[in-house]
Amino acid sequence: MAIITLGDEPQRALLQAARAARLNAYAPYSNFRVGAAVLDEQGQVHAGCNVENAAYPQGVCAEAAALSAMVLAGGRRATALLVAGEGPTLVTPCGGCRQKLREFAAPDTPVLVADGVGVQRWFTLDELLPHSFGPEHLKPA
Ligand code: THU
């Protein structure tokens, strides 16, 4: 079992940002609103929401939007990510978003999952995406 730590204040900031982002989700087809927030190496929080599209596969997940916001703002490392959904079933990042996070995060990077009540689960990225492929695979030996 991995030991993962994140201070109370960053956790609170991530939860607040992800919940606020979730309110702006554009999800007219699924009616399933998701918010996400990522903490970068400078301690800055970047949020995103899901943005659906009439051409369904073109929709963007909240986590992908949050990572894009981080990169736009100059962040290059994700030190924690929080996903905020609502309802009885926890919203963990989809497979594609796990891989997108892999680009900017370490195996022990915490991924927090919140519902309408609060943070319910903590995972490491490696728990969600074991034996993963990343940038270092493309570096010459
Ligand atoms: N969705 C996310 O934004 N993040 C997740 O972790 C799971 C799913 C979105 C995609 C789509 O807009 C809606 O939720 C239903 O799948």
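Just above, that's the structure.
This report concerns the structure included in the present document. Computed from a predicted model, the values in this text were never measured in an experiment.

1. Observations regarding the overall build of the protein
Part 1 of the reasoning: The helix and strand tally for the protein stands at four helices and five strands.
Part 2 of the reasoning: If you list the helices and strands of the protein from N to C, you get α-β-β-α-β-α-β-β-α.
Part 3 of the reasoning: Computed over its C-alpha atoms, the radius of gyration of the protein comes to 14 Å, within 12% of the 14 Å expected for a compact globule of 141 residues.
Part 4 of the reasoning: Over its C-alpha atoms, taken along the principal directions, the protein stretches across nearly 45 × 35 × 30 Å.
Part 5 of the reasoning: For the protein, with 141 residues in total, the buried portion stands at 44%.
Part 6 of the reasoning: Of all intrachain contacts in the protein linking residues separated by at least 6 positions in sequence, the fraction that spans at least 24 positions is 61%.
Part 7 of the reasoning: As displayed, the protein offers around 7,900 Å² of accessible surface, 56% of which is attributable to carbon and sulfur atoms.
Part 8 of the reasoning: Put simply, the protein has 11 plus and 13 minus side-chain charges, and the middle of one group is 4 Å from the middle of the other.

2. Observations concerning the sheet that holds strand β5 (residues 119-124)
Part 1 of the reasoning: Spatial ordering of the open sheet is given by β2-β1-β3-β4-β5, a layout of five strands whose pairing is mixed. Whereas interior strands pair on both sides, the edge strands pair on one side only; in this sheet they are β2 (45-49) and β5. Averaged over all adjacent pairs, the angle separating strand axes in this sheet is 20°, with direction ignored.
Part 2 of the reasoning: Sheet topology note: the strand β4 (residues 110-114)/β5 ladder contains five bridges and is antiparallel. Residue pairing for β5: V111 is matched across the bridge by F123.
Part 3 of the reasoning: Packing against the sheet, helix α1 (residues 8-23) makes contact with β1 (35-40), β2, β3 (78-84), β4 and β5, and its axis sits at approximately 145° to β1.

3. Details of unusual backbone geometry
Part 1 of the reasoning: For N31, which is not glycine, the phi torsion reads 55° and is therefore positive.
Part 2 of the reasoning: With respect to the helices, strands and loops of the structure, N31 is situated in the loop between α1 and β1.
Part 3 of the reasoning: The exposure class assigned to N31 is exposed, which follows from its relative accessible area of 66%.
Part 4 of the reasoning: Positive phi, normally seen in glycine, also occurs at H131, with a value near 50°.
Part 5 of the reasoning: When you line up the elements, H131 lands in the segment after α4 (125-128).
Part 6 of the reasoning: A relative accessible area of 81% places H131 in the exposed class.

Analysis parameters
- Residues numbered from 1 in each chain as written.
- Predicted model: local features only at pLDDT ≥ 70, side-chain atom pairs only at ≥ 80, totals over all residues.
- Heavy atoms only, no water.
- Helix = DSSP H or I, 4+ residues; strand = E, 2+ residues; numbered from the N terminus.
- Rg over C-alpha atoms; globule rule 2.2 N^0.38 Å.
- Buried < 20%, exposed > 50% of the residue type's maximum accessible area, 1.4 Å probe, protein only.
- Contact = heavy atoms within 4.5 Å.
- Areas by Shrake-Rupley, 256 points an atom, 1.4 Å probe, with all protein chains shown as cover.
- Lys, Arg positive; Asp, Glu negative; His and termini not counted.
- Charge placed at Lys NZ, Arg CZ, Asp CG, Glu CD.
- Pairing = 2+ DSSP bridges.
- Axes fitted to C-alpha atoms, helices over the stretch in contact; angles between N-to-C directions.

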